[in-house]
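Residue-level listing of the chains:
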Amino acid sequence: MSTAGKAQIPFVDLKAQYQSIKAEVLPAVTKVLDDCNFILGQQVKDFEQAFARYCGVDHAVGVANGTEAIHLALRALGVGPGDEVITVTNSFIATALAIHECGARSVLVDCEADSYNIDPILVEKAITKRTKAIIPVHLYGQPANMQAIMDIAKRHRLFVVEDACQGHGAYYGDKRVGSFGDAACFSFYPGKNLGGYGDGGMVVCRDKAIADKLELLRGYGSVKKYEHKEKGYNCRLDTVQAAILLAKLPHLDDWNTRRFKAAQTYATRIADITQVKGPKVVNNALPAGRVPHVFHLYVVQVPRRQDLIQAFTQENIQCGIHYPIPIHLQEAYRDLGYKRGDFPVAEAAADRILSLPMFPELSVDQIARVTGVIADVYGRQPVATRRAG
Ligand SMILES: Cc1ncc(COP(=O)(O)O)c(C=O)c1O
């Protein structure tokens, strides 16, 4: 069937957002070009300070992308060959790649069924003499169980590096993600809740010594031009990206609130489609304005997923799967020795999850169209009938 005439509902509408802030972004970019201050210009410093303050920590170091943020954070904490780092199997591959990049071994564990986040009970069971760090991932924009993770880390004297690449601005209790671990890592990939117009990343931390080490590592290991204290990297946040991100940061809380409201609208409109399991906000007792799940992705679980994907395609609606193959079943990680069946919660979810369109500008009409297609595929069951049954 043709999609002709049906307006596309994109998965993420970067154009809509750009139009709404063009007047702020363009002068910021022009200033960098006029000043020709391309490498570690003033805007990088300004954005680092603004983002550190936003996260509720003292230090931030801008780097080239989120993967390198995790890699350099682990290096700055002294993680290296022979060490094990525990993380969750249902993350984006970059979490494991960063561990591998510093010579350590990824020890994977399963997720919790409701939050899709790392299961703290399994983390504790996976600890060995070689364990050096834990990387909880705030997957889809919902904070991991940081209280349990920090308790475990304290008891076993382990570092915690938050992978906050999907969690910009989310609150856990009265603090934002990024302020719990020894370091926390963000990606500013264009589709993120705070995204640049190219690659970018950031490590935030409370300890100045770690921040100093990160600055050294991102800049060829040099303290002074042409004097190299360490074997570092060329891994800096670009000044143009920093200027764009600085212009976008004041909008982030509003965008996150709009994502949260869109998620509530989705939840209402799929409530009577009993075959569809919506996302669960596990930590929602927060004062108004503090968003406990920033819905980087709105992920549902469905049976017969391919039927729904096909129906969306016919209606010109984009969707995605995050992620179809857990890390332990990726060919690239065959060497870790895991097999199907090792992490049943993540494996079962991988076969059923589907990410629906989600962005701050998503309208109620667009959500109605998306959920209308879902209802056509699975049918609605009146709530009263279900209760009676
Ligand atoms: C959970 C997670 N970790 C790490 C990354 C890596 O970030 P980047 O793509 O900026 O390297 C991403 C981003 O895609 C991510 O979603």
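As the structure is a prediction and not an experimental result, all values here were calculated from the model.

*Asks:* Just to check I follow, could you spell out the overall build of the protein for this structure?
*Replies:* A count of helical and extended segments in the protein gives 13 helices and 13 strands. For the protein, whose C-alpha radius of gyration is 21 Å, the value lies close to the compact-globule estimate of 21 Å for 389 residues. Counting only C-alpha atoms, the protein reaches 70 × 55 × 40 Å along its principal axes. Counting all 389 residues of the protein, 53% fall into the buried class. Relative to all contacts within the protein whose residues are 6 or more apart in sequence, the contacts with residues 24 or more apart total 73%. Here the protein has roughly 17200 Å² of accessible surface; of this, 52% comes from carbon and sulfur atoms. Charged side chains of the protein number 45 positive and 41 negative; the gap between the two group centres comes to 2 Å.

*Asks:* What am I meant to see in the nonpolar core here?
*Replies:* Soluble globular proteins tend to bury their nonpolar side chains together. In terms of nonpolar packing, the biggest core is built from 53 residues, with Phe 47, Phe 51 and Ile 374 touching the most fellow members. The greatest single-element share of this core, amounting to 7 residues, is contributed by helix 2 (residues 42-55). Two domains each put at least three residues into this core: domain 1 (15-250) and domain 2 (252-388). Excluding anything up to four places from it in sequence, Phe 51 contacts Phe 186, Phe 188, Leu 194, Met 202, Val 204 and Leu 249. The next biggest cluster of nonpolar side chains, apart from the first, holds 30 residues, and it includes Ala 144, Ile 152, Leu 297 and Ile 353.

*Asks:* Explanation requested: the pattern of salt bridges in the structure shown.
*Replies:* Two side chains of opposite charge can pair, provided their charged atoms sit close to one another. Using the criterion set out here, one finds 15 salt bridges in the structure. Here Arg 155 ties to Glu 124 by a salt bridge, and the two come within 2.4 Å at their closest N and O atoms. Taken together, the positions of Arg 155 in helix 6 (residues 146-156) and Glu 124 in helix 5 (residues 120-126) put the pair 31 residues apart, joining distant regions of the chain. The salt bridge partner of Asp 254 is Arg 258, with a shortest N-O separation of 3.3 Å. Of the two residues, Asp 254 and Arg 258 both sit in helix 9 (residues 252-270), 4 residues apart, roughly one turn of that helix. A single network of salt bridges, built from pairs that share partners, joins Lys 45, Glu 48 and Arg 218.

*Asks:* Where do I start with the packing of helix 2 against helix 8 (residues 239-248) in this structure?
*Replies:* Think of two packed helices as two axes; the pair is described by the angle between the axes and how far apart they sit. Axis separation between helix 2 and helix 8 bottoms out at 8 Å; the angle between their running directions is 40 degrees. Classified by the angle between their axes, helix 2 and helix 8 sit oblique to one another. Helix 2 and helix 8 meet at a crossing whose hand is left-handed. Taking contact as the criterion, the partners of Gln 43, Val 44, Asp 46, Phe 47 and Ala 50 in helix 2 are, on helix 8, Thr 239, Ala 242, Ala 243, Leu 245 and Leu 246. Residue classes in the contact of helix 2 with helix 8 are distributed as 7 nonpolar, 2 polar and 1 charged.

*Asks:* What should I look at first to understand the packing of aromatic side chains in this one?
*Replies:* Under the criterion given, the structure shown has 13 aromatic pairs. In this structure, Lys 175 packs its charged tip against the face of Phe 180, placed 4.7 Å from the ring centre. The aromatic ring of Tyr 54 is capped on one face by Arg 176, whose charged end is 3.8 Å from the ring centroid.

*Asks:* Even after reading the chapter, I still don't get the sheet that holds strand 8 (residues 183-187), so can you show me in this structure?
*Replies:* Two strands in a sheet stick together by hydrogen bonds in their backbones, pointing the same way (parallel) or opposite ways (antiparallel). Spatial ordering of the open sheet is given by 1-9-8-5-4-2-3, a layout of 7 strands whose pairing is mixed. The sheet is open, and its two borders are formed by strand 1 (59-63) and strand 3 (105-109), each paired with just one other strand. Averaged over all adjacent pairs, the angle separating strand axes in this sheet is 25 degrees, with direction ignored. Inspection of the sheet shows strand 8 paired to strand 9 (residues 201-205) by 4 bridges, in the antiparallel sense. If you follow Phe 186 over to strand 9, its bridge partner there is Met 202. Against the sheet, helix 3 (residues 66-76) engages strand 1, strand 2 (84-88), strand 4 (131-135), strand 5 (159-163), strand 8 and strand 9, with an angle of about 165 degrees to strand 8.

Rules behind the numbers
Residues numbered from 1 in each chain as written. Predicted model: local features only at pLDDT ≥ 70, side-chain atom pairs only at ≥ 80, totals over all residues. Heavy atoms only, no water. Helix = DSSP H or I, 4+ residues; strand = E, 2+ residues; numbered from the N terminus. Rg over C-alpha atoms; globule rule 2.2 N^0.38 Å. Buried < 20%, exposed > 50% of the residue type's maximum accessible area, 1.4 Å probe, protein only. Contact = heavy atoms within 4.5 Å. Areas by Shrake-Rupley, 256 points an atom, 1.4 Å probe, with all protein chains shown as cover. Lys, Arg positive; Asp, Glu negative; His and termini not counted. Charge placed at Lys NZ, Arg CZ, Asp CG, Glu CD. Core = buried A, V, L, I, M, F, W, Y, C linked by side-chain atoms within 4.5 Å. Domains from an automatic or database assignment. Salt bridge = Lys/Arg side-chain N within 4 Å of Asp/Glu carboxyl O. Axes fitted to C-alpha atoms, helices over the stretch in contact; angles between N-to-C directions. Parallel < 35°, antiparallel > 145°, perpendicular 65-115°, else oblique. Left-handed = near helix turned anticlockwise from the far one by under 90°. Nonpolar A, V, L, I, M, F, W, Y, C, P; charged D, E, K, R; others polar. Phe/Tyr/Trp six-rings, centres within 6.5 Å; stacked < 30°, edge-to-face > 60°. Lys NZ or Arg CZ within 6 Å of the ring centre and 35° of its normal. Pairing = 2+ DSSP bridges.

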